[in-house]
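# Close look at the chain arrangement
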Amino acid sequence: MANRERPILEIHDLCKNFGGIRAVDELSFDVKQGEILGLLGPNGSGKTTIFNLITGVYEADSGGIRFADHDITNELSYKIALKGISRTFQTTKIFPKQTVMDNIVIAMIARARKRHLFHEMDQKVDGILEFTHLRKEKQAVAGDLTHAEQRRLMLAMALIEEPDLLLLDEITAGMSGEECNELMDMAKKIRERGITIVLIEHNMRVAMTLSDRVLVLNFGEKIAEGTPAEITTNEMVLEAFLGREEQ
Amino acid sequence: MSTLFIFIGFVILVLMLPLFFTSGYLLRLMVTIGFSIATALCFNLVIGYMGYPSLCQSVFYGVGGYTMALITLRLGVSPWIALILSPITSFVVGYLAAIPFLKLRSMFFAIGTLAFTGVVNAILINLHDITGAEAGLRGIPRLVKGDTAYFYILVILIILILFGTKLLIDSYWGKILVAIREDEDLAPHFGINTAKYKRLTFALTSAFTGLAGAMFISYQTYISSNYYTIGSSFSILACTVVGGGGTLLGPILGALVVIGAPELLREVLGGMYVWRPSFVGGVMVAVILLFPGGIYGGLQKLADYLRKRGEK
C-alpha cells in the first residue's frame, strides 16, 4: 500500500527561461505517492515545460527536482525513465511504421532488461494490450490505427514497465466523450495499481473528476493549489481562465 | 524455411561461379564487386537501419587497409595477425569518431562525415613518409595465393556479415536501431541510451569495414591514399541507397548495379567508360524518383502486385 503522505516527486524553486520569456518561474510543489495531481492553466502557462523539465527534455536554469529521494535535476532522459518515470505527449508520439506489438516491445526493451524481466515479455505485452483495449490490433501497423487507438497505444507504451510516476499530457486530446470516459476509467485503474499520476488536462470534466488535488499555473507561476472543489471557486483561477472584467 | 533453401541454393551457385570463368579478369571483377558488397552491407546498419547517412565508410576501410599494410611491411608481422588487428584498430577509430559525429543528425551528419573523409585523405597524403601517399606502398603480402581463394574467403565474409546483420536486427539491439531511426527523441523516454547504441553500432560497423579493407589491401598487395577519397565513400552510400537501405539484400543489389554494371560494361562502353560517374548519378536519381525504397523495395512492390493479381 502506497504511503500517500510521502512525496514521490518534489520540485523546488524551478526556473526555466526561453530567451526573454520566463516559462517556469520559481515553481515549487510536490506530488504525494499514489495521488492524482492535476496541472491546470491557460495555454502557455508552462505545464508541458514542467513535464519536459521533469523528464530531462529541457535543462532547468535553476531550482531542483527530486524523485523518490534522488536528485534528477538535469538528468538525461533515459536515466530518468530507468528510475521509474514515464510520460505521454500532447501530440501523439509512437513509432508509426512499426506494429503495435513492436511499439510495446521497443517501449519495454531497455527497462525490462534492466529489471531482468525479458522472459515475461509476451505475457506482459498481452496484458497491457488487454488493459488498453488494443488486443485485436496487436499486429496492426501503429500508423494505421485511429487517433483514439494511437493515444491508447502511447499510454500502453508509457505503462508497460509499471512506472512509479506517470505524467499524462492531455491524454484525452481530440477524443469523443465516450473515449474520454474510457480513458478516465483506465486512469482510475492505473492509480489502483499504486502508480502516481500527474496530469495536464484541458478537459475540465476529466481533470476535476480524476484529480485528488489540482495545481493551477499562469505565466509559469503557481497561482492556486487545492482540491477540485476549492479550485473551481478560486478568484485568481477564474481570472486566469476567463480574464478580468473591465471596470 | 523456403527462404533458407533459396539462400543455400544461391550460395552454392555463387560458389560454383569460378568454375565458369574463362578469364582471370572476370574473377578479379567478381572479387572487386565482392569487396564493395561487403562494405555496403557493413554500413547498411548505420545508413539503412539506424538512419544515419554516413559518408566516411572509406576512412574505416582505410584504417583496416593501412593497419594491414603498415604492420606487415614495417614490422614484418604475418598478414593473418594483421587481419585480426585491423578490425580492432577500426573499431577504436570508429568509436572515437562516433563521439562527436553522432551528435549531428541528417544532413549535418552527412556533411560532417564527408569532411572527416576529406581530412583523413589529406592526412594520408601529407604523411607520405609513412603512408606512401598517392604513390602508395607496394609488396603487401597476400593472405592466400590465387584469386579463387580470395573469392571464396570473400563469400564467407559476406555470408558472415549477412548472418551477423540478421541476428543483430532480430535482437533487442535491432529494435533499438529502428526506434532511433524512427524517432530518436522519443526512444530515451523508454530508458534507451541512444548515444551508447549509436556509438557501438557505428564502431562495430567500422570494425567489419576495416576487416574488409584489410582483406582488400592484402588482395591488391598495394595501398594508396587514392583508395580512400570522398568519392569512394559516396560509392558505398550509393550502393545502399540504390539497392535499398535497411534491407538485408538491398546493398548487394546496389553494389551489383553501381559498381558491377559499369565494370561489366567496360568492354561494351569502350571510350564511353569515362562517363561512369554520370551513369552512377543517373541510376541514383532514377531509383530515388521511381523506387524510394531502392531496387529491393521496387522488387518487393512488384512481387506484392503480382501476388495480388494471382489471387484475383
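Now for a look at the structure at hand. (Residues numbered from 1 in each chain as written. Chains lettered and ligands numbered in written order. Predicted model: local features only at pLDDT ≥ 70, side-chain atom pairs only at ≥ 80, totals over all residues.)

## Side note on the sheet that holds strand S2 (residues 21-32) of chain A
The cut-off we apply is this: When DSSP finds at least two bridges between two strands, those strands are taken to pair. In DSSP terms, a helix is any run of H or I states spanning at least four residues, a strand is any run of E spanning at least two, and both are numbered starting from the N terminus.
Taking strand neighbours across the sheet as the criterion, the four strands line up as S2-S1-S4-S5 (chain A) in an open arrangement whose pairing is antiparallel. At either margin of the open sheet sits one strand with a lone partner, and together these are S2 and strand S5 (70-71) of chain A.

## Side note on the interface of chain A and chain B
Rules: Placing C-beta atoms from the backbone, we regard two residues as in contact once those atoms come within 7 Å. Residues are grouped as follows: Ala, Val, Leu, Ile, Met, Phe, Trp, Tyr, Cys and Pro are nonpolar; Asp, Glu, Lys and Arg are charged; every other residue, Gly included, is polar.
Facing 21 residues of chain A, the contacting portion of chain B comprises 14 residues. The set of elements that each furnish at least two residues to the side of chain A that touches chain B consists of helix H2 (77-83) and helix H3 (100-114) of chain A. Counting residues per element, the side of chain A that touches chain B draws most heavily on H3 of chain A, which supplies nine residues. Split into classes, the residues belonging to the side of chain A that touches chain B amount to 11 nonpolar, three polar and seven charged.

## Re helix H10 (residues 230-243) of chain B
Residues and elements named next belong to chain B. Basically, it comes down to this: In a helix, the anticipated span is given by 1.5 Å times the number of residues less one. Any residue with 12 or fewer other C-beta atoms within 10 Å of its own C-beta is exposed, any with 20 or more is buried, and the rest are partly exposed; the C-beta atoms used are placed from the backbone.
Between its terminal C-alpha atoms H10 stretches 20 Å, which fits the 20 Å expected from 14 residues at 1.5 Å a residue. In terms of burial, H10 is a largely internal element, 11 of the 14 residues being buried. The set of residues buried in H10 consists of Ser233, Phe234, Ser235, Ile236, Leu237, Ala238, Cys239, Thr240, Val241, Val242 and Gly243.

## A closer look at the nonpolar core
To keep it simple, the criterion reads: In this usage, the nonpolar core is the set of buried Ala, Val, Leu, Ile, Met, Phe, Trp, Tyr and Cys residues whose C-beta atoms join them within 7 Å. All the domain ranges listed were derived from an automatic or database domain assignment.
Ranked by internal contacts, the top residues of the largest apolar core, which has 160 residues, are Ile104, Ala156 and Met157 of chain A together with Ala212 of chain B. At 14 residues, helix H2 (residues 24-49) of chain B tops the list of elements feeding residues into this core. Both of domain 1 (1-84 + 165-170 + 198-247) and domain 2 (88-162) of chain A provide at least three residues apiece to this core. When neighbours within four sequence positions are excluded, Ala156 of chain A is seen to be in contact with Ile104, Ile128, Leu129, Thr132 and Leu134 of chain A.

## Some thoughts on unusual backbone geometry
All names here are of chain A. Positive phi, normally seen in glycine, also occurs at Asp69, with a value near 70 degrees. Here Asp69 shows up in the loop between strand S4 (62-67) and S5. At Phe219, a position not held by glycine, the phi torsion is positive, near 50 degrees. Take Phe219: it is sitting in the loop between strand S9 (213-218) and strand S10 (221-226).

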